[in-house]
Amino acid sequence: MTKKTTSASVSPLAVKPLVVTISSRALFDLDESHAIFESQGLEAYAEYQLGRENETLEPGVAFPLVKKLLALNADRDRHEGVDVTLVSRNSADSGLRIFNSIEHHGLEVQRAVFSNGESPYRYMQAIGSDLFLSSHVEDVRRTLEAGFAAATILPGAKNRPGSGQLRIAFDGDAVLFGDEAERIYQAEGLAAFSTHEKECATTPLSSGPFKPLLQALQRIQSAYPIDANPIRTALVTARSAPAHKRVILTLRQWGIRIDEALFLGGKPKGPFLEAFGADIFFDDQRQHCESAQNHVATGHVPNGILNQG
């Protein structure tokens, strides 16, 4: 599989919809059937799904996010819109229950890949994926290694009823940015990290795997006025002064506007994410994900030095 390069993926001339690829277990609550697969094997799982293919599945953790993403297509005359593609390790036969549930819930999801036990990561380039959400850790890792934004959806809080505005929050290092600064922090400590970031404040950080997604969101945002926008983004980072300056100048150099920036200096992120009203939050560090997942839908990004080994 050819690795997707950052420069190709974010070309200002590339006009296409925002493409989100989602696994069936992220979209729907398949815990019961997955437990049968784990304990009794593939054949018993397939029989279970076939016997219940007319029973509608309940929404999963990422279901409210998908509904808000698809709602953006109401204004497709203003922008290129959003395409959602379902990927599943089911066969097409055992996966019919999933499509029946999509139809029941009124989701405009028309494309699907049923890989019958194989990893779907090899289809990401053909799909043109900007984001892959899955509960399968190895599929997420392989997708990231292939050059596409991907996150493992964690069990926990689903989106609470609230604004129809789509709100997405990102960590900085190893998510929007590369992990070069985090490597210094892990090797030499906070003082060395702060000194390095202050000295390099005017040197832009490298691109992380979620930069193209943020750019794709901004392309949709640009079709609306700032004060009446259907999308709102936030950077929620453990950084604090003086390490904030490099982040701000990097985003400026990239030409990206982020709506809110929270420099928390190590404070738990969960309560701040709930206050922001995030529909989903992406972070590479497990400790931050654990803080977040009790408050908002959370995607772990297994990228960077803290996820090696």
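Here the structure is a predicted model, which means the values were calculated and not measured.

Caption draft 1: Here's a closer look at the overall build of the protein. Looking only at helices and strands, the protein has 14 helices and 10 strands in total. Radius of gyration (C-alpha) of the protein: 19 Å, near the 19 Å computed for a compact globule of 309 residues. Counting across all 309 residues of the protein, residues that qualify as buried make up 51%. Residue pairs in contact within the protein that sit at least 24 positions apart in sequence constitute 75% of those at least 6 positions apart. About 13900 Å² of surface is accessible on the protein, with carbon and sulfur atoms providing 49% of the total. For the protein, the separation between the mean place of its 31 positive charges and that of its 37 negative charges on side chains is 6 Å.

Caption draft 2: Molecular detail of the environment of Leu 133. Mapped onto the fold, Leu 133 is located in strand 4 (residues 131–134). Note: C-alpha distance between Leu 133 and Val 87 (46 residues apart in sequence) is 9.6 Å. The residues contacting Leu 133, other than those within four sequence positions of it, are Thr 21, Ile 22, Ser 23, Ala 26, Leu 65, Ala 151, Ile 153, Ile 280 and Phe 282.

Caption draft 3: Representation of the pairing of strand 1 (residues 18–23). Taken across its 6 residues, strand 1 has 6 buried, putting it largely inside the fold. Alignment of strand 1 against strand 2 (residues 82–88), held across 6 bridges, turns out to be parallel. Along strand 2, the bridge assignment pairs Thr 21 with Thr 85. One ladder, built from 3 bridges, connects strand 1 with strand 4; its direction is parallel. Residue Thr 21 lies in a different strand from strand 4, and its bridge partner there is Phe 132.

Caption draft 4: Representation of the packing of aromatic side chains. Scanning the entire structure with this criterion turns up 8 aromatic pairs. With 6.0 Å between their ring centres and 80° between their planes, Phe 37 and Tyr 45 make a pair best called edge-to-face. The exposure class assigned to Phe 37 is partly exposed, which follows from its relative accessible area of 33%. Aromatic pair Phe 170 and Phe 210: ring centres 6.4 Å apart, planes at 65°, arrangement edge-to-face.

Caption draft 5: A look at unusual backbone geometry. Of note, the bond from Ala 241 into Pro 242 is cis; its omega dihedral lies within 30 degrees of zero at 5°. The residue Pro 242 is located in the loop between strand 7 (231–237) and helix 12 (244–254) in this model. You will see that Asn 116, though not glycine, has its phi angle at about 50°, which is positive. As for its placement among the helices and strands, Asn 116 is situated in the loop between strand 3 (111–114) and helix 7 (124–127). The phi dihedral of Ala 174 is positive, around 75°, even though this residue is not glycine. Note that Ala 174 resides in the loop between strand 6 (166–170) and helix 9 (180–188).

About the criteria used
- Residues numbered from 1 in each chain as written.
- Predicted model: local features only at pLDDT ≥ 70, side-chain atom pairs only at ≥ 80, totals over all residues.
- Heavy atoms only, no water.
- Helix = DSSP H or I, 4+ residues; strand = E, 2+ residues; numbered from the N terminus.
- Rg over C-alpha atoms; globule rule 2.2 N^0.38 Å.
- Buried < 20%, exposed > 50% of the residue type's maximum accessible area, 1.4 Å probe, protein only.
- Contact = heavy atoms within 4.5 Å.
- Areas by Shrake-Rupley, 256 points an atom, 1.4 Å probe, with all protein chains shown as cover.
- Lys, Arg positive; Asp, Glu negative; His and termini not counted.
- Charge placed at Lys NZ, Arg CZ, Asp CG, Glu CD.
- Pairing = 2+ DSSP bridges.
- Phe/Tyr/Trp six-rings, centres within 6.5 Å; stacked < 30°, edge-to-face > 60°.

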